[in-house]
Amino acid sequence: MLTCEACGHEIESKVCSCGGVNLADAKFCSYCGSLFQVEQPDLETESGDDPYDPQSRTLCSDDTCIGIISEQGVCTECGKPADPSG
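Throughout what follows, the structure given in this document is the object of discussion. By convention here, each chain's residues receive numbers from 1 onward along its written sequence. Local features in a predicted model are, by the rule used here, given only for residues with pLDDT of at least 70; side-chain atom pairs are given and counted only at 80 or more, and totals for whole chains, interfaces and linings are based on all residues. Calculated side-chain values reflect all of the structure's heavy atoms, with hydrogen atoms and water omitted.

Let's talk about the packing of aromatic side chains
One pair of aromatic rings is described through two measures. These are the centre distance and the angle between the planes.
Part 1 of the argument: Only Phe, Tyr and Trp rings are paired, with Trp represented by its six-membered ring, and only when their centres lie within 6.5 Å; those with planes under 30 degrees apart are stacked, over 60 edge-to-face, the remainder tilted. Inspection of every chain in the model, using the stated rule, returns 0 aromatic pairs.
Part 2 of the argument: By the criterion adopted, a ring carries a charge over it if an Arg CZ or a Lys NZ lies within 6 Å of its centre and within 35 degrees of its normal. Positioned above the aromatic ring of Phe36 is the side chain of Lys14, whose terminal nitrogen or guanidinium carbon lies 4.3 Å from the ring centre.

What follows is the structure, given as structure tokens:
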């Protein structure tokens, strides 16, 4: 565990295979430069559908928006309804 030199507070950390202690969110070891393995979150829902599958999502009707239509029928970014006329 790392400790702040100023206040003595313990800082969340992780240890590399070389023995170097690094910040918990480090992508590389600050001692040997090794890449830490990044855990990939399980994106599949209980039904087995991938919520990020491009084939199963509906894009926002506003061509300038990057959002997708949520289960509530509105855009996740701008809040516009799936059917702008309705």
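A few points about the environment of Gly67
Part 1 of the argument: Put simply, DSSP marks the helices as runs of H or I at least four residues long and the strands as runs of E at least two long, and each gets a number from the N terminus on. Inspection of the secondary structure puts Gly67 in the segment after β4 (21-23).
Part 2 of the argument: For every residue, the accessible area obtained with a 1.4 Å probe (protein chains only) is divided by the maximum for its type, and the residue is called buried under 20%, exposed over 50%, and partly exposed between those limits. Accessibility expressed as a relative area gives 2% for Gly67, which makes it buried.
Part 3 of the argument: Between the C-alpha atoms of Gly67 and Glu77, which are 10 residues apart in sequence, the distance is 4.8 Å.
Part 4 of the argument: Contacts are assigned to residue pairs that have any heavy atoms within 4.5 Å of one another. Not counting residues within four places of it along the chain, the set of residues in contact with Gly67 comprises Leu59, Cys60, Cys75, Thr76 and Glu77.

A short note on the environment of Ala26
Part 1 of the argument: If you trace the backbone, Ala26 turns up in the segment after β4.
Part 2 of the argument: Setting aside its immediate chain neighbours within four residues, Ala26 contacts Lys14 and Phe36.

Examining the state of the cysteines
Part 1 of the argument: For this text, the term disulfide refers to a pair of cysteine sulfurs within 2.5 Å. According to the stated counting rule, one finds 0 disulfides in the structure shown.
Part 2 of the argument: A disulfide-free cysteine, Cys7 has its sulfur positioned 3.7 Å from the sulfur of Cys4, the nearest such atom.
Part 3 of the argument: For the unlinked cysteine Cys60, the closest cysteine sulfur is that of Cys75, found at 3.7 Å.

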